[in-house]
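# Fold and geometry: a report
This is what each chain is made of:
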Amino acid sequence: MLQLRELDERVSIRDQIQDQSKEPVVLVNVFHVAPEQADALIAAWTDDANYFRAQPGFISTQLHRGIAGSATYLNYAVWESVGAFRAAFTNPDFQSKLQHYPDGSTGSPHLFRKMAVDGLCVA
(Lines give C-alpha, C1' and ligand atoms only; values in the text may rest on other atoms or scores of the structure.)
Protein backbone atom coordinates (compact mmCIF):
# COMPACT_ATOMS: atom_id res chain seq x y z
CA MET A 1 0.00 0.00 0.00
CA LEU A 2 1.17 3.51 -0.81
CA GLN A 3 2.15 5.56 2.22
CA LEU A 4 1.63 9.31 1.83
CA ARG A 5 4.44 11.59 2.97
CA GLU A 6 4.13 15.34 2.84
CA LEU A 7 6.39 17.20 0.46
CA ASP A 8 6.09 20.32 2.63
CA GLU A 9 5.99 19.53 6.34
CA ARG A 10 4.19 22.84 7.04
CA VAL A 11 1.38 22.50 4.48
CA SER A 12 -0.28 19.15 3.88
CA ILE A 13 -2.12 18.02 0.77
CA ARG A 14 -5.24 17.93 2.96
CA ASP A 15 -4.69 21.63 3.75
CA GLN A 16 -4.14 22.44 0.09
CA ILE A 17 -7.33 20.81 -1.17
CA GLN A 18 -9.33 23.26 0.96
CA ASP A 19 -8.36 26.08 -1.44
CA GLN A 20 -11.50 27.52 -3.08
CA SER A 21 -10.01 29.44 -6.01
CA LYS A 22 -10.96 28.50 -9.55
CA GLU A 23 -7.43 28.78 -10.99
CA PRO A 24 -5.62 25.82 -12.57
CA VAL A 25 -3.20 23.83 -10.42
CA VAL A 26 -0.40 21.39 -11.03
CA LEU A 27 -0.14 18.26 -8.95
CA VAL A 28 3.41 17.06 -8.40
CA ASN A 29 3.70 13.66 -6.78
CA VAL A 30 7.10 12.13 -6.01
CA PHE A 31 7.10 8.35 -5.60
CA HIS A 32 9.82 6.20 -4.05
CA VAL A 33 9.80 2.45 -4.53
CA ALA A 34 12.24 -0.45 -4.26
CA PRO A 35 13.83 -1.05 -7.69
CA GLU A 36 12.35 -4.54 -7.93
CA GLN A 37 8.86 -3.08 -7.45
CA ALA A 38 9.04 -0.65 -10.37
CA ASP A 39 6.63 -2.62 -12.56
CA ALA A 40 4.05 -2.80 -9.76
CA LEU A 41 4.33 0.95 -9.16
CA ILE A 42 3.88 1.71 -12.87
CA ALA A 43 0.85 -0.61 -13.04
CA ALA A 44 -0.77 1.09 -10.03
CA TRP A 45 0.04 4.56 -11.39
CA THR A 46 -1.42 3.63 -14.79
CA ASP A 47 -4.66 2.54 -13.12
CA ASP A 48 -4.76 5.83 -11.18
CA ALA A 49 -4.02 7.88 -14.31
CA ASN A 50 -6.86 6.20 -16.19
CA TYR A 51 -9.21 6.93 -13.27
CA PHE A 52 -8.14 10.60 -13.14
CA ARG A 53 -8.33 11.00 -16.91
CA ALA A 54 -12.06 10.23 -16.72
CA GLN A 55 -12.69 12.87 -13.99
CA PRO A 56 -14.09 16.36 -14.67
CA GLY A 57 -11.39 19.04 -14.65
CA PHE A 58 -8.47 16.73 -15.46
CA ILE A 59 -6.23 18.19 -18.19
CA SER A 60 -3.08 16.05 -18.50
CA THR A 61 -0.48 13.94 -16.74
CA GLN A 62 3.11 12.81 -17.32
CA LEU A 63 5.18 10.30 -15.37
CA HIS A 64 8.95 10.76 -15.12
CA ARG A 65 11.58 8.33 -13.84
CA GLY A 66 14.86 9.32 -12.21
CA ILE A 67 17.91 8.44 -14.29
CA ALA A 68 21.01 6.32 -13.60
CA GLY A 69 19.06 3.45 -12.03
CA SER A 70 16.92 5.63 -9.77
CA ALA A 71 13.69 4.16 -8.39
CA THR A 72 12.23 7.63 -7.82
CA TYR A 73 9.34 8.72 -10.02
CA LEU A 74 7.70 12.09 -10.48
CA ASN A 75 4.14 12.56 -11.67
CA TYR A 76 3.12 15.93 -13.06
CA ALA A 77 -0.62 16.44 -13.60
CA VAL A 78 -2.56 19.55 -14.59
CA TRP A 79 -6.07 20.23 -13.24
CA GLU A 80 -8.57 22.99 -14.04
CA SER A 81 -8.96 23.80 -10.33
CA VAL A 82 -8.32 22.57 -6.82
CA GLY A 83 -12.02 21.73 -6.56
CA ALA A 84 -11.80 19.37 -9.55
CA PHE A 85 -8.72 17.69 -8.09
CA ARG A 86 -10.29 17.51 -4.62
CA ALA A 87 -13.41 15.76 -5.95
CA ALA A 88 -11.31 13.12 -7.70
CA PHE A 89 -8.69 12.72 -4.94
CA THR A 90 -11.12 12.36 -2.05
CA ASN A 91 -13.45 10.01 -3.92
CA PRO A 92 -13.54 6.64 -2.10
CA ASP A 93 -12.99 4.89 -5.46
CA PHE A 94 -9.62 6.61 -5.77
CA GLN A 95 -8.68 6.23 -2.11
CA SER A 96 -9.18 2.45 -2.38
CA LYS A 97 -6.65 2.37 -5.23
CA LEU A 98 -3.81 3.32 -2.88
CA GLN A 99 -3.74 -0.25 -1.61
CA HIS A 100 -2.64 -1.43 -5.07
CA TYR A 101 0.75 0.23 -4.77
CA PRO A 102 3.65 -1.96 -3.63
CA ASP A 103 4.24 -2.27 0.10
CA GLY A 104 6.88 0.17 1.26
CA SER A 105 6.27 2.62 -1.59
CA THR A 106 5.72 6.27 -0.76
CA GLY A 107 4.04 9.16 -2.52
CA SER A 108 4.32 12.87 -1.80
CA PRO A 109 1.49 14.74 -3.56
CA HIS A 110 1.58 18.53 -3.50
CA LEU A 111 -0.31 21.21 -5.44
CA PHE A 112 1.37 24.14 -7.20
CA ARG A 113 0.39 27.14 -9.31
CA LYS A 114 2.43 28.68 -12.07
CA MET A 115 4.03 31.93 -11.09
CA ALA A 116 5.57 34.79 -12.98
CA VAL A 117 9.20 35.69 -12.50
CA ASP A 118 10.14 38.89 -14.26
CA GLY A 119 12.16 38.25 -17.37
CA LEU A 120 12.02 34.46 -17.04
CA CYS A 121 8.49 33.08 -17.04
CA VAL A 122 4.83 34.06 -17.07
CA ALA A 123 2.01 32.73 -14.93
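Located above this text is the structure these notes cover.
## With respect to the sheet that holds strand β5 (residues 106–112)
Hydrogen bonds between backbone groups are what pair the strands of a sheet, and the pairing can be parallel or antiparallel. Pairing is mixed in the open sheet, where 5 strands are placed in the order β1-β5-β2-β4-β3. Each of the sheet's edge strands pairs with one partner strand only, and the pair in question is β1 (3–4) and β3 (58–65). Pairing of β3 with strand β4 (residues 72–79), which is carried by 7 bridges, proceeds in the antiparallel orientation. Residue pairing for β4: Phe58 is matched across the bridge by Trp79. The sheet contacts of helix α2 (residues 38–53) involve β2 (25–32), β3 and β4, and relative to β3 the element is tilted by about 170°. Contacts from helix α3 (residues 82–89) reach β1, β2, β4 and β5, with the element oriented near 125° to β4.

## Remarks on the nonpolar core
Formed by 29 residues in total, the largest nonpolar core has its most connected members in Trp79, Phe85 and Leu111. Among the elements of the structure, β2, α2, β3, β4 and α3 are those that each provide at least two residues to this core. With 7 residues, α2 is the largest single contributor of residues to this core. Every residue in contact with Trp79, bar those within four places of it in the chain, is listed here: Pro24, Val25, Leu27, Phe52, Gln55, Pro56, Gly57, Phe58, Ile59, Ala84, Phe85 and Ala88.

## So, the pairing of β5
Within β5, 6 of the 7 residues are buried, leaving the element largely enclosed by the surrounding structure. Relative to β5, β1 runs parallel, the two sharing 2 bridges. Counted as the bridge partner of Gln3 is Thr106 from β5. In this sheet, β5 lies alongside β2 in antiparallel orientation, the contact comprising 7 bridges. Note that in β5 the partner of Phe31 across the bridge is Gly107.

## Here we look at the side chain of His110
Tracing the chain through its elements places His110 in strand β5. With residues near it in sequence (within four places) discarded, His110 still touches Leu7, Asp8, Val11, Ile13, Gln16, Val26, Leu27 and Val28.

## Quick look at α3
Here α3 has its buried residues at Val82, Ala84, Phe85, Ala88 and Phe89. Looking down the long axis of α3, one finds its buried residues gathered within 160° of arc, a one-sided arrangement.

## A word on α2
Spanning 16 residues, α2 covers 22 Å between terminal C-alpha atoms, matching the ideal 22 Å at 1.5 Å per step. Among the residues of α2, Ala38, Leu41, Ala44, Trp45, Asp48, Ala49, Tyr51 and Phe52 are the ones counted as buried. Along the axis of α2, the buried residues cluster in a sector spanning 160°; they form a single face. Along α2, exposed side chains directed more than 90 degrees from the buried face belong to Asp39 and Arg53. Against the buried residues of α2 lie β2, β3, β4, α3 and α4 (92–97).

Each value, and the rule that gives it
Residues numbered from 1 in each chain as written. Predicted model: local features only at pLDDT ≥ 70, side-chain atom pairs only at ≥ 80, totals over all residues. Heavy atoms only, no water. Pairing = 2+ DSSP bridges. Helix = DSSP H or I, 4+ residues; strand = E, 2+ residues; numbered from the N terminus. Contact = heavy atoms within 4.5 Å. Axes fitted to C-alpha atoms, helices over the stretch in contact; angles between N-to-C directions. Core = buried A, V, L, I, M, F, W, Y, C linked by side-chain atoms within 4.5 Å. Buried < 20%, exposed > 50% of the residue type's maximum accessible area, 1.4 Å probe, protein only. Arc of directions from axis to C-beta. Expected span 1.5 Å × (residues − 1).

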